[in-house]
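Okay, here's what each chain looks like letter by letter:
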Amino acid sequence: MHMVDWKAIEEKWQRRWAEAGAFETDPDPEKPKFYLTVAYPYPNSPQHIGHGRTYTLTDVHARWKRMKGYNVLLPMAWHYTGTPLFAMVERLRERDPDILETFLNIYNVPEERLPELEDPISMAVYFAEEIKHGMQRIGYSVDWRREFTTVDPIYSKFIEWQFEKLRQRGFITQGSHPVGWCPSCGNPVGQHDTVGDKEPEIEEFTVVKFRKGDMVFPAGTLRPETVFGVTNMWINPDATYVEAKVDGETWIISSEAADKLELLERSVERVSEFQGNKFIGVTITNPVTGDEFPMLPASFVDPKAVTGVVMSVPAHAPFDLVALDQLKREAKKNPDAYRFKPSDIKDLEPISVIEIDGYGLVPAKDAVDRRGITDQEDPKLEKATKEVYSAEFHGGRMRNNTGQYASLPVQQAKEAVKEDIVAKGYATTMYEMLEPVQCRCGSEVVVKIFENQWFINYGDPAWKRLAHENIDSMTIIPIELRQEFHNVVDWLREKACARKAGLGTLLPWASDWIIDALSDSVIYMAYYTVIKGINEVGPEPEQLTEEFWDYIFLGKGHSGSVAEATGFPAEKLEEIHKEFSYFYPLDARHSGRDLISNHLTYMVFCHNGIWPRELWPKGIVINGSVLMEGSKMSKSLNNIIPLINALDRFGADPLRLSLMITAEPLKDADFSPDLAKNMRDNLERFNQRVVKIIAQGRGSPDNLHDIDRWMLSRLQSYIAEADEALKELKVRKTIHAAMYNLNQDMDWYQKRVAKELERPERVDAIRYVEWRVLDTQVRMMTPFTPHLCEEIWEKMGGEGFIAFAKWPKVDESYVSQESEVLERMIQTSMEDIQKITRVTGISPAKIHFYTADGWKWKIYLKALELAKREQLDVGTLIKEAFKDAEMKVRSKAVPGYARQIVDDVIKLPDSEAELRLKMGQLNEVNILMDAVSFIEGENGCEVAVSAESDPWTEDPAKRAHRAKPYRPAIYVQ
Ligand SMILES: [Zn+2]
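Residues numbered from 1 in each chain as written. Predicted model: local features only at pLDDT ≥ 70, side-chain atom pairs only at ≥ 80, totals over all residues. Heavy atoms only, no water.

Some points on the state of the cysteines
Defined simply, a disulfide is a covalent bond joining two cysteines at their sulfur atoms.
Phase 1: By the definition in use, this model includes zero disulfides.
Phase 2: Free of any disulfide, Cys497 has its nearest neighbouring cysteine sulfur in Cys606, separated by 9.5 Å.
Phase 3: For Cys497, a relative accessible area of 0% corresponds to the buried category. (Disulfide = S-S within 2.5 Å. Buried < 20%, exposed > 50% of the residue type's maximum accessible area, 1.4 Å probe, protein only.)

Below is the structure:
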């Protein structure tokens, strides 16, 4: 047996590709270009299998396009800027045991090298090297001549230019705006700074000022329209609250809320501090309705959320409903434990203010009862809340007890109520995190109103229009996500773009600010196309002025005058500008789904803000993530496999194949070591067949039989399927067509012709078919398993690298639906025999096939014809049949047979029925006779074929009369 030496072939082909500069791409005016990129990695840790999916898919995309005849550029660089490196270095310096364990035992960093990683740049260099090594070892077809880091001085000049352009076009603003903020780090916080890469989303809450005399009990809500249904208030009895003067009013709020209000630029003066318990039982007034009700205790109230005081709307808020019911029960059992009497609360009933189809009077009760929830700490309450919120938001209408808002849809009432009660002074607003988010340092992220902060103004309506236009005109894979991009464009507002700490480029006009990592990574795709040319000249960074970049990216000015002003050679300026113009616009940007709400949309905006339409991005590909044996990968589960280790264990091609075989668009891929081993076995088996076919030679197509045409026809359909699937990067489907299904048909074909190889006149045709299948299959698998395919290609005597061979095209002359129909009949007959022998348990001594008589064919074809005209039913068929005089003598058999045929024909797909009608009556005896040697070989017994009414037909079990067209009767003796 030939086993594949994976390591040897990987090293061999990676060396050959590198020596030949195979993937170093320069402009070629003779060829169409395809330019794609994938996020440059943050080198603060090695890449693991989870990263493998996005990067491998990008490489598959690049390799496929290359074989389709494009001049493909896939570059790579390193994102050093931002805080992730700082955060990691900090934890290492502190000898955080978790990090030490990870570095030593998961990342396999040698202990003696740990001290050198205690510097951000050294750590970046260390991991960038390791990641690059991994990308080379897995066979990514990257042009490494264009590599850079985001702290290179030349890159900084480029980012300065980007910000100058945005500022000149009015997209940079300065002012006071809410930003996600880490109080410990003293920095604005973006998605890349948070635990789990969670986007800090800020919401403006309505804060209703419930009162007791002069005292305000402000309650934050995202559902101001439910203020008409408040039955009581909640406070956490064990949390710390304060009385504070807030902008001159006396507010009772949690201690945390007081801190947050200060960050929100309110004037806050703490007067006293106490437990929430203090106010339980007091009577509170609803400023909107004038209703009076008690303040009650609830453990679900989180003092960290908004004000720490909550209005209770049990009809529409499941938490409130459950907490109120629970309190009633407990107060009855234990009346002395509370600062109120059970009778004070026993009449508090939900007040429904929203009606909605599919729910009863109290929607929250339906959602709670369906889940059997009785405790306010039940985690299922989150789901119930989401359900009610969403149902009411999308389908709810205000009831008659809401005054002027009665019968308004909830969506409209929400805004209207908020506006009105704020205007009347019954409420105010407060920015708050939509969901809790943690900074990488461990602190809770809060909202801060930031003075003099610099923003990129993604809220600019004119700019938004351009972004919408770009999103409408680009290819988005999967297409379902286009709307998600539009939504993000709609809700984006000013985004803080600079901070006071971290690595990065200084704002050109305010050098005490450092541009942040989500703002210096949005147009760098353009930089790849020019950095190689710039490096060839090796200028001082100061030479690269605004007019230098204006010329190479925007074609502004003249090379001569720019050369004079910058000292950069004119002909080189022209060459670099041409190279940019050749590769731009970007054809595809690959990324994960979590980056739609920031990076990917920022990329669209910034391109729209700087370049004319014809240079806007043309495509975005979104990838799902990877699970490890069904679970999320995480350090705590200890199931993260660094890419380098996986390459050692499984080999590059099996690893690539297993990352792709499970990659359905929008779904998580499920990786497991077993899957990788399985893929390796599949490839080994494939290779065994290949070795034999190559040894046999190419054969000749001069004398093809039906079965040969069948195989070649199947091959064409897989080519079409694979190509169609790859257009939407449905790689799982592609692999199924190109590998699994094609292999299955090849197994069948080789079994089918095994005996025929004994006949010399058949050998050449069979060799031809096998070679042809191999030649096609190895091309289709190249994007997925490039090393093995290069190796096979070389043995086949292929020209150059298979990486640049032509992607197969359907050869119409080999498409033969007829041969596929005939072969399906043989396959069905084989399955019938297997069923019979399985049921009866006999090992056959002889198999008889009986084919249908001519009169049966006549009725069958008549039925197909009627079906085509949509007139097929039993009565019509019988009537039509008897128009033929021949049928009169079979008047007993015809009606029963016609009934069966109608059943059969109705089940046929239209295309198949039409094809059968076109093919007319078959000579089934001949077709079966051609397969006799195969059927005999497979069953180890003699096979007899005859028409049902041939005089010589042996029919001891009286089966022959059951024969139908396409379904010969079978008797196993
Ligand atoms: Zn922090």
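Considering the pairing of strand β1 (residues 33-38)
Phase 1: Buried residues dominate β1, accounting for six of its six residues.
Phase 2: With burial as the criterion, each face of β1 is covered, one bearing Lys33, Tyr35 and Thr37 and the other bearing Phe34, Leu36 and Val38.
Phase 3: Alignment of β1 against strand β2 (residues 71-73), held across three bridges, turns out to be parallel. The partner of Tyr35 across the bridge, within β2, is Leu73.
Phase 4: The parallel pair β1 and β2, bridged by helix α2 (residues 49-67), forms a crossover whose chirality is right-handed.
Phase 5: Where β1 and strand β23 (residues 588-592) come together, three bridges link them in parallel fashion. Among the inter-strand pairings, Val38 is bridged to a residue of β23, identified as His590. (Helix = DSSP H or I, 4+ residues; strand = E, 2+ residues; numbered from the N terminus. Pairing = 2+ DSSP bridges. Right-handed = clockwise from strand over helix to strand, strands pointing away.)

Quick notes on the environment of Tyr35
Phase 1: With respect to the helices and strands, Tyr35 occurs in strand β1.
Phase 2: Each C-alpha atom, one on Tyr35 and one on Asn334, is 72 Å from the other, the two residues being 299 residues apart in sequence.
Phase 3: Ignoring anything within four residues of it in the chain, the contact list for Tyr35 reads Leu73, Pro75, Met525, Tyr528, Thr529, Phe583, Tyr584, Leu586, Asp587 and Ala588. (Contact = heavy atoms within 4.5 Å.)

Re the pairing of strand β16 (residues 427-433)
Phase 1: Of all seven residues in β16, five are buried, a share of seventy percent or more.
Phase 2: Summarising the sheet, strand β5 (residues 202-212) and β16 pair through seven bridges and their orientation is antiparallel. Its bridge partner lying in β16, Val207 is registered against Thr428.

Examining helix α6 (residues 153-168)
Phase 1: For α6, which comprises 16 residues, the first-to-last C-alpha distance of 23 Å matches the rise-based estimate of 22 Å (1.5 Å per residue) to within 8%.
Phase 2: For α6, the full list of buried residues reads Ile154, Tyr155, Ser156, Phe158, Ile159, Trp161, Gln162, Phe163, Glu164, Lys165 and Leu166.
Phase 3: Just downstream of α6 lies Gly170, where phi reads positive at about 85 degrees. (Expected span 1.5 Å × (residues − 1).)

Topic: the pattern of salt bridges
Phase 1: Evaluated as defined, the whole model comprises 83 salt bridges.
Phase 2: Between Lys572 and Glu536 there is a salt bridge, and its shortest N-O distance comes to 2.6 Å. Taken together, the residues Lys572 in helix α18 (residues 570-583) and Glu536 in helix α15 (residues 524-537) connect sequence positions 36 residues apart.
Phase 3: Across the pair Asp832 and Arg967 runs a salt bridge whose closest N-O atoms are separated by 3.0 Å. Placement of Asp832 in helix α27 (residues 817-840) and of Arg967 in the loop between β29 (942-947) and β30 (969-972) is noted, with a sequence separation of 135 residues between them.
Phase 4: Overlapping salt bridges bring together Glu24, Asp26, Asp143, Arg145, Arg146, Lys532, Glu536, Lys572, Glu575 and Glu579 as one network. (Salt bridge = Lys/Arg side-chain N within 4 Å of Asp/Glu carboxyl O.)

Focus on the coordination of the zinc ion
Phase 1: Bound to the zinc ion are the protein donor atoms Cys182 (SG), Cys185 (SG), Cys439 (SG) and Cys441 (SG), situated 2.2 to 2.3 Å from the metal.
Phase 2: Angles of 106 to 116 degrees at the metal separate the four donor atoms of the zinc ion, which places the site in the tetrahedral class.
Phase 3: As a motif over one chain, the donors of the zinc ion read C-x2-C-x253-C-x1-C. With Cys185 in the loop between β3 (172-182) and β4 (187-188) and Cys439 in the loop between β16 and β17 (446-457), this residue pair connects regions lying 254 residues apart in the sequence.
Phase 4: Residue class for Cys185 comes out partly exposed when judged on its relative accessible area of 42%.
Phase 5: Given a relative accessible area of 5%, Cys439 falls into the buried group. (Donors = N, O, S within 2.8 Å, 3.2 Å for Na, K, Ca; no water. Tetrahedral: all angles 85-135°; square planar, octahedral: opposite > 155°, others 65-115°.)

So, the nonpolar core
Phase 1: Counting 167 residues, the largest nonpolar core has Ile49, Phe103 and Leu655 as the members making the most contacts within it.
Phase 2: Here Phe103 is in contact with Asn44, Met88, Leu92, Asn108, Val109, Leu114, Leu117, Met123 and Phe127, once residues within four sequence places are set aside.
Phase 3: Listed in part, the 80 residues of the second largest apolar core include Ala77, Ile576, Tyr584 and Ile610. (Core = buried A, V, L, I, M, F, W, Y, C linked by side-chain atoms within 4.5 Å.)

A word on the sheet that holds strand β18 (residues 475-477)
Phase 1: Strand order in the open sheet formed by five strands is β2-β1-β23-β24-β18, and the pairing between neighbours is parallel. The open sheet terminates on both sides in strands that have one partner only, identified here as β2 and β18. Going across the sheet, the axis of each strand differs from the next one's by a mean of 15 degrees, ignoring polarity. (Axes fitted to C-alpha atoms, helices over the stretch in contact; angles between N-to-C directions.)

Looking at the sheet that holds β4
Phase 1: Within the open sheet, the four strands sit side by side as β4-β3-β17-β19. Their pairing is antiparallel. Two strands in the sheet have a free side with no partner beyond their single neighbour: β4 and β19 (494-496).
Phase 2: Sheet topology note: the β3/β4 ladder contains two bridges and is antiparallel. Of the residues in β4, the one forming a bridge with Cys182 is Asn187.

A word on helix α26 (residues 786-795)
Because each turn of an α-helix spans 3.6 residues, side chains separated by three or four positions end up pointing in the same direction.
Phase 1: Summarising burial for α26: eight of the 10 residues are buried, a large majority.
Phase 2: Residues Pro786, His787, Leu788, Cys789, Glu790, Glu791, Ile792 and Trp793 constitute the buried set of α26.
Phase 3: As for α26, its buried residues are in contact with α1 (6-20), α2, α5 (120-137), α21 (652-661), α22 (673-696) and α25 (760-781).
Phase 4: Following α26 by one or two positions, Gly797 adopts a phi angle in the positive range, close to 80 degrees.

Concerning the packing of helix α14 (residues 482-491) against helix α19 (residues 596-610)
Helices that pack against each other are described as a pair by the angle of their axes relative to one another and the distance between those axes.
Phase 1: Contact geometry for α14 and α19: axes closest at 10 Å, N-to-C directions at 80 degrees. The orientation of α14 with respect to α19, classified from their angle, is roughly perpendicular. Across the interface between the two elements, Glu484, Phe485, Val488, Val489 and Trp491 of α14 pack against Ile596, Ser597, Leu600, Thr601 and Phe605 of α19. (Parallel < 35°, antiparallel > 145°, perpendicular 65-115°, else oblique.)

Quick word on empty space enclosed by the protein
Phase 1: Taken as a whole, this structure holds four cavities of 30 Å³ or more when the rule is applied.
Phase 2: Looking at the largest cavity, its volume works out to about 70 Å³.
Phase 3: Leu57, Ile622, Asn623, Pro665 and Leu729 are, among the 14 residues lining the largest cavity, the residues nearest its centre.
Phase 4: Sorting the residues of the lining of the largest cavity by element identifies α2 and β24 (619-623) as the ones contributing at least two each.
Phase 5: Here the lining of the largest cavity gets three residues from one element, more than from any other, and that element is β24.
Phase 6: Approximately 60 Å³ is the volume attributed to the second largest cavity.
Phase 7: Taken together, Gly82, Thr83, Gly190, His192, Asp193, Arg499, Asp516, Ala517 and Leu518 make up the full set of residues lining the second largest cavity.
Phase 8: Of the residues contributing to the lining of the second largest cavity, the split by class is two nonpolar, four polar and three charged. (1 Å grid on protein atoms, 1.4 Å probe; cavity = no way out; pocket = protein on both sides within 12 Å on 5 of 7 lines; lining within 4 Å. Points joined across faces, edges and corners; volume = space filled by probe spheres on them. Nonpolar A, V, L, I, M, F, W, Y, C, P; charged D, E, K, R; others polar.)

All quantities given are derived from atomic positions and should not be read as evidence of function.
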